[in-house]
Amino acid sequence: GGELPPLKSRVKYFVVADPKTGRPRADDVKPIVANGVPLHTGTMNRGRGRFGFIRQDIGGEDMFVMPASCSAFGGCLPPAGTRVAFRVVPDEKTGLPRAEDVQP
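My aim in this report is to walk through the structure given alongside it, one point at a time. Note that the structure is predicted; figures quoted are calculated from it, not measured.

1. Regarding the state of the cysteines
Move 1: Counted under the stated rule, the structure contains 0 disulfides.
Move 2: Counting only cysteine sulfurs, C70 is the nearest neighbor of C76, a cysteine outside any disulfide, at a range of 8.5 Å.

Here it is, written out as structure tokens:
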């Protein structure tokens, strides 16, 4: 066996029959990645027109997001309560982390 992905990570897997019990189980579990970077998940918390925040599933501070990072939502911030996946990148101006490639 390998390592388990971090708690609350988005994963992909195959459902197979367990050879001992015949019951279904997950096999070949891997984190979902975008461009080689694992995706984080969360819920759109609030938007203020030109920026918003995502409540991260892993806890911690809400993640800053700008509409331009939400091309899967037509370049607009998703409505509050929307489940999203995203990459975390450093902001070019501030160096602080922000959400990029926000998708459903």
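2. Remarks on the pattern of salt bridges
Move 1: Taken as a whole, this structure holds 7 salt bridges when the rule is applied.
Move 2: Between D62 and R46 there is a salt bridge; the shortest N-O distance is 3.0 Å. In this pair, D62 sits in the loop between β6 (52-56) and β7 (63-65) while R46 sits in strand β5 (residues 40-47), placing the two residues 16 residues apart along the sequence.
Move 3: Here D62 falls in the partly exposed class, since its relative accessible area comes to 25%.

3. Quick notes on the side chain of S69
Move 1: Positionally, S69 belongs in the loop between β7 and β8 (83-90).
Move 2: We classify S69 as buried; its relative accessible area is 5%.
Move 3: A distance of 3.4 Å separates a polar atom in the side chain of S69 from the backbone oxygen of A99.
Move 4: In this view, S69 contacts R98, A99, E100, D101 and V102; residues no more than four positions away in its chain are not counted.

4. So, the packing of aromatic side chains
Move 1: Overall, the coordinates contain 3 aromatic pairs when judged by the stated rule.
Move 2: The interplanar angle of 90° and the centroid separation of 5.9 Å between the aromatic rings of F51 and F53 together place this pair among those described as edge-to-face.
Move 3: By relative accessible area, which is 27% here, F51 ends up partly exposed.
Move 4: Take F53: its relative accessible area is 16%, and that puts it in the buried class.
Move 5: Ring pairs connect the aromatic residues F51, F53 and F64, which therefore count as one cluster.

5. Overview of the environment of V88
Move 1: Looking at the secondary structure, you find V88 in strand β8.
Move 2: When the C-alpha atoms of V88 and M63 are compared, they prove to be 8.4 Å apart, with 25 residues separating the residues in sequence.
Move 3: With residues up to four places along the chain from it excluded, the contact list for V88 reads H40, M63, P97 and R98.

6. Brief notes about the pairing of β8
Put simply, side chains in a regular strand alternate between the two faces of the sheet.
Move 1: Bridge analysis of β5 against β8 gives 4 bridges, and the strand direction is antiparallel. Counterpart to G42 in the pairing with β8 is V84.
Move 2: Summarising the sheet, β8 and strand β9 (residues 97-103) pair through 5 bridges and their orientation is antiparallel. In the sheet register, A85 faces β9, and the bridge partner there is Q103.
Move 3: Between β8 and β9, which pair antiparallel and follow one another directly, the connecting turn spans 6 residues, one of which, G95, has a positive phi of 80°.

About the thresholds
- Residues numbered from 1 in each chain as written.
- Predicted model: local features only at pLDDT ≥ 70, side-chain atom pairs only at ≥ 80, totals over all residues.
- Heavy atoms only, no water.
- Disulfide = S-S within 2.5 Å.
- Salt bridge = Lys/Arg side-chain N within 4 Å of Asp/Glu carboxyl O.
- Helix = DSSP H or I, 4+ residues; strand = E, 2+ residues; numbered from the N terminus.
- Buried < 20%, exposed > 50% of the residue type's maximum accessible area, 1.4 Å probe, protein only.
- Polar contact = N/O pair within 3.5 Å; in protein donor to acceptor, adjacent residues only side chain to side chain.
- Contact = heavy atoms within 4.5 Å.
- Phe/Tyr/Trp six-rings, centres within 6.5 Å; stacked < 30°, edge-to-face > 60°.
- Pairing = 2+ DSSP bridges.

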